Amino acid sequence: MIFNEDSTTRDDLAADAPHDDRIPTYVNAGHSYERDMRYVTTRITRDGRSGFKVEPGRYRLIAARACPWANRTLIVRRLLGLEDVLSVGMPGPTHDARSWTFDLDPDGKDPVLGYERLQEAYLALDPDYDLGITVPAIVDVTSGKLVTNDFDQITRDFSSEWVDYHRPGAPRLWPEDQREEMEAVMRRVFTEVNNGVYRCGFAGSQAHYEAAYTRLFDALDWLEERLATRRYLMGDHITEADVRLFTTLVRFDAVYHGHFKANRNKLTEMPVLWSYARDLFQTPGFGDTIDFQQIKEHYYIVHSDINPTRIVPAGPDLTGWLEPHGREALSDSPWGEGTAPGPVRDAERVSSGHNPLYPA
């Protein structure tokens, strides 16, 4: 059985089995990697047209820090100031073949949902659910059922459907006058970079790997050129396009360069992308969501078909993330007409020693 990086999938094993030690596999020998894009696409909207209306306290976002797709939701939630209206649960960095688990919480249960496994919310929605148990996921607290795991739409809706609850000064992450170009940029970033690193790492043959490798670095070269003359992907201000690229770049040297064999260059050897990534990392709402230790544990332990020893590397050195980036010369208005988010809440702070912003 082949798994998406951010998912586990239920099969014929009984859902109530006490434990499943089987190892998920990600590489299909002889084939290129194809991401399963089938998701539960129900939306939470201002008018409740799909049956779920935006309501403070009704929903819980489940987002593992290790996962880049979930990391997007943590960043956007923080930038828009949705912490008071949408609670968050964070599974641990590893999972077995059944589900993400809440092993970081007291008694191994999410304190709001009471679940040990995210799988429980999926099966509450549909006892016969047989697609990916993925993060991010939004669960209806009143019923304990999954509402959606459509990672692309979730953050779009945070900007458009949850607008009544945005903090004062929340940035416009989807500027209307740039939307058409932004969609094209994000499409290329997703297919060639966000998903491109997985096509390298999970390639089932030398030919498929080399094709994926070429596509990835062609796209990174394009981004290096694009960002040489503009501070952010769309110009002077931060947009969601930057969120989506950042979550891949911040994992590049720690995981993708070695673990996924994306090794033409390290991020630190691509001067424009490295300064751009540092700029975002040092911006409130971006770097303060990153847990490098959990990121490494997830990839190097869970992907045991490409790292059978499950040894987690000690490096790389992370201190460079705090070095000056100099990109203020390109623009001095990252938030447009908005403002930076406030400090991270104590309960959501990354563990000391897992991020250079929070030294041990």
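Our subject in this report is the structure included herewith. Along each chain, residue indices are assigned from 1 in the same order as the chain's sequence is written. Confidence filtering applies because this is a predicted model: local features only for residues at pLDDT of at least 70, side-chain atom pairs given and counted only at 80 or more, and all residues used for totals across whole chains, interfaces and linings. Side-chain measures were taken over the full set of non-hydrogen atoms in the model, leaving aside hydrogen atoms and water.

Relative to each other, helix 6 (residues 206-226) and helix 7 (residues 240-256) sit at 110°, their axes nearing to 14 Å. Relative to helix 7, the element helix 6 is oriented roughly perpendicular. At the point where helix 6 passes helix 7, the crossing takes the left-handed sense. In this structure, helix 6 contributes Leu-216, Phe-217, Leu-220 and Leu-223 to the contact, and helix 7 contributes Leu-245, Leu-249 and Phe-252. Residues of the contact of helix 6 with helix 7, tallied by class, amount to seven nonpolar, no polar and no charged. All axes here are fitted lines through C-alpha atoms, helices being fitted over the stretch that makes contact, and every angle between N-to-C directions spans 0 to 180 degrees. The helix and strand labels rest on DSSP assignments: H or I over at least four residues marks a helix, E over at least two residues marks a strand, and numbering proceeds from the N terminus. Roughly parallel means an angle under 35 degrees; roughly antiparallel means over 145; roughly perpendicular covers 65 to 115; every other angle is labelled oblique. Rotating anticlockwise by less than a right angle from the far helix to the near helix defines a left-handed crossing, while the corresponding clockwise rotation defines a right-handed one. Contact between two residues is taken to exist if any of their heavy atoms lie within 4.5 Å; hydrogens are not considered. For this classification, the nonpolar set comprises Ala, Val, Leu, Ile, Met, Phe, Trp, Tyr, Cys and Pro, the charged set comprises Asp, Glu, Lys and Arg, and every other residue, Gly included, is treated as polar.

This paragraph deals with the packing of aromatic side chains. Aromatic pairs are defined between Phe, Tyr and Trp rings, using the six-membered ring for Trp, whenever the two ring centres lie within 6.5 Å; interplanar angles under 30 degrees are classed as stacked, those over 60 as edge-to-face, and all others as tilted. Taken as a whole and assessed by the stated rule, the structure comprises 27 aromatic pairs. Here the aromatic rings of Tyr-256 and Phe-260 are separated by 5.4 Å at their centres, their planes lie at 15°, and the arrangement is stacked. By relative accessible area, Tyr-256 is classed as buried at 0%. Burial classes: relative accessible area under 20% of the type maximum marks a residue as buried, over 50% as exposed, and values in between as partly exposed (1.4 Å probe, protein chains only). On the accessibility criterion, Phe-260 (0% relative accessible area) is buried. Over the face of the ring belonging to Tyr-198 we find Arg-35, whose NZ or CZ atom lies 4.9 Å from the ring centre. Both a distance and an angle decide whether a charge sits over a ring: NZ of Lys or CZ of Arg must be within 6 Å of the ring centre and within 35 degrees of the ring normal. We note Arg-188 situated over the ring of Trp-222; from NZ or CZ to the ring centre the distance is 4.2 Å.

This part takes up the nonpolar core. Residues Phe-158, Leu-220 and Phe-252 are the most contacted members of the largest nonpolar core, which totals 101 residues. The dominant element in this core, judged by the number of residues it contributes, is helix 7, at 10 residues. For Phe-252, the residues in contact, after removing those within four places along its chain, are Val-197, Leu-216, Phe-217, Leu-220, His-257, Ala-262, Asn-265, Lys-266, Leu-267 and Met-270. Among buried residues, those of type Ala, Val, Leu, Ile, Met, Phe, Trp, Tyr and Cys that are joined through side-chain atoms within 4.5 Å constitute a nonpolar core.

Position of Asp-103 relative to the elements: it lies in the loop between strand 3 (87-89) and helix 2 (119-125). Judged by its relative accessible area of 42%, Asp-103 is partly exposed. In this structure, Asp-103 is in contact with Gly-92, Thr-94 and Gly-108, ignoring residues within four places of it in sequence. Within polar-contact distance, the side chain of Asp-103 engages the side chain of Thr-101 at 2.8 Å. Within 3.5 Å is the distance limit for a polar contact, defined as a pair of N or O atoms, with the added protein rule that one can donate a hydrogen and the other accept it, and that residues adjacent in sequence qualify only through two side-chain atoms.

This part takes up the state of the cysteines. Disulfides are defined in this document as cysteine sulfur pairs within 2.5 Å. Counted by the stated rule, this structure contains zero disulfides. Cys-67 forms no disulfide, and the closest cysteine sulfur to it belongs to Cys-200, at a distance of 18 Å. By relative accessible area, which is 0% here, Cys-67 ends up buried. Judged by its relative accessible area of 2%, Cys-200 is buried.

Okay, the packing of helix 1 (residues 68-80) against helix 7 next. Interhelical geometry of helix 1 versus helix 7 gives an angle of 135° and a closest axis separation of 9 Å. As far as their axial angle goes, helix 7 and helix 1 are oblique. Crossing handedness for the pair helix 1 and helix 7: right-handed. Here helix 1 contributes Pro-68, Asn-71, Arg-72, Ile-75, Val-76 and Leu-79 to the contact with helix 7, which in turn contributes Glu-240, Val-243, Arg-244, Phe-246, Thr-247, Arg-251 and Tyr-256. Among the residues making up the contact of helix 1 with helix 7, the classes are represented as seven nonpolar, two polar and four charged.

Scope: geometric values only; no functional claims are made or implied.
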